[in-house]
Amino acid sequence: MTQITRETIDKIHALLDQGLVQGLGQPVPGQMCVEAAINYALGHPHGDDPGCVAPSLRRLKITLNDSNWSSNAARAEGMRRLAIAQLGSKDVLDEGLFARKCALSVAHLWKIPDIVRHYLETGDESIRLEARLRADDAAADAADAADAAYAYAAAAAYAAAAAAYAADAAYAYAAAAAYAAAAAAYAAARATARASYADADSDKILSDFAESIVQILIEMKAPGVRWL
């Protein structure tokens, strides 16, 4: 079992100070993605699986890492707290519940059917099928939207909203929520005329999403939140 210590946390922060890159990168400070940086701090071989992070959360982090951040420094700062909060979540986090909460974290960006929201909030299996069907219909409507980026984001959110309350499906559904946030940031950047503002808007959306996941982990009492 991976042991997390204060020294580990300090190493992670020092690596984040150097920035994070899109994609796996190289095992050099400032040239790694977030999960590779965690591996580096732990003394593990270069890769994107630290071995101590729940699969759905890891997938979400990779998606968020590779999103449309304005710079490597913005990527690292925006994901700093989540990089710490994720630690020790493997085999501890209820991934079905986590996936539903992730979907809810982006659902406010789009109007979703009431029954889908109710399913996400309660996990009521008696409405699971109807929620899935309604979510599929909503995703189809989103695909017809004028703005392709927003349509993609909405479709991803609806896919997450249709999530089955099962750990084996959580990996895909949490990633769908992350894709929704990434697409929303991309759409915001496209919709903003001045590049400097577009970058700021993109970073804010992605940072806010990252912090919403931190708050979910705090609520779920994930082990890594003790180091925040």
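Residues numbered from 1 in each chain as written. Predicted model: local features only at pLDDT ≥ 70, side-chain atom pairs only at ≥ 80, totals over all residues. Heavy atoms only, no water.

Draft legend 1. A look at the overall build of the chain. Looking only at helices and strands, the chain has ten helices and zero strands in total. Reading the secondary structure of the chain in the N-to-C direction produces α-α-α-α-α-α-α-α-α-α. For the chain, with 228 residues in total, the buried portion stands at 52%. Across the chain, the fraction of contacts at a sequence separation of at least 24, relative to all contacts at a separation of at least 6, is 64%. (Helix = DSSP H or I, 4+ residues; strand = E, 2+ residues; numbered from the N terminus. Buried < 20%, exposed > 50% of the residue type's maximum accessible area, 1.4 Å probe, protein only. Contact = heavy atoms within 4.5 Å.)

Draft legend 2. Here's a closer look at the confidence of the model for the chain. Predicted confidence across the chain gives a mean pLDDT of 79, with 68% of residues reaching 70 or more. Taking the mean pLDDT of every element in the chain, the minimum, 53, falls on helix H8 (residues 148-161) and the maximum, 98, on helix H1 (residues 6-16). Predicted confidence is poor over residues 191-197, with pLDDT under 50, and the contacts of this stretch with residues over four places away or in other chains come to three contacts. (pLDDT = per-residue confidence, 0-100.)

Draft legend 3. Region of the structure containing the environment of Ser212. Relative to the assigned elements, Ser212 resides in helix H10 (residues 195-219). Each C-alpha atom, one on Ser212 and one on Leu104, is 9.9 Å from the other, the two residues being 108 residues apart in sequence. A distance of 2.6 Å separates a polar side-chain atom of Ser212 from the backbone oxygen of Phe209. (Polar contact = N/O pair within 3.5 Å; in protein donor to acceptor, adjacent residues only side chain to side chain.)

Draft legend 4. Broad picture of the pattern of salt bridges. Per the counting criterion, the structure on display carries ten salt bridges. For the salt bridge of Arg80 with Glu77, the shortest nitrogen-to-oxygen distance reads 3.1 Å. You can see Arg80 and its partner Glu77 sitting in helix H4 (residues 72-85), three residues apart, about one turn around the helix. With its nearest N and O atoms 2.8 Å apart, the salt bridge here joins Glu219 to Lys101. Here Glu219, found in helix H10, pairs with Lys101, found in helix H5 (residues 95-107); they are 118 residues apart in sequence, far enough to count as distant. Ionic contacts of the salt-bridge type, sharing partners, join the residues Asp17, Glu77 and Arg80 into one network. (Salt bridge = Lys/Arg side-chain N within 4 Å of Asp/Glu carboxyl O.)

Draft legend 5. Broad picture of H4. For H4, with 14 residues, the first-to-last C-alpha span of 20 Å sits near the 20 Å given by 1.5 Å per residue. The sharpest bend along H4 measures roughly 50° and falls at Met79. When H4 is considered as a whole, its buried residues turn out to be Ala74, Arg75, Ala76, Gly78, Met79, Arg80, Leu82, Ala83, Ile84 and Ala85. (Expected span 1.5 Å × (residues − 1). Bend = angle between axes of the 7 residues up to and from the residue.)

Draft legend 6. Layout of the packing of helix H3 (residues 55-65) against H4. Two numbers describe how H3 lies on H4: the axes approach to 11 Å, and their chain directions differ by 170°. In terms of orientation, H3 lies roughly antiparallel with respect to H4. The segment H3 lies against H4, with Leu57, Leu60, Lys61, Leu64 and Asn65 engaging Arg75, Met79, Leu82 and Ala83. The residue makeup of the contact of H3 with H4, split by class, is six nonpolar, one polar and two charged. (Axes fitted to C-alpha atoms, helices over the stretch in contact; angles between N-to-C directions. Parallel < 35°, antiparallel > 145°, perpendicular 65-115°, else oblique. Nonpolar A, V, L, I, M, F, W, Y, C, P; charged D, E, K, R; others polar.)

Draft legend 7. Region of interest: the environment of Leu42. Relative to the helices and strands, Leu42 is located in helix H2 (residues 34-42). Leu42 gets classed as buried once you look at its relative accessible area, which sits at 18%. Along the backbone, Leu42 and Lys11 are 31 residues apart, and their C-alpha atoms lie at a distance of 8.5 Å. Contacts of Leu42, omitting those with residues within four sequence positions, involve Thr2, Gln3, Ile4, Thr8, Pro50 and Cys52.

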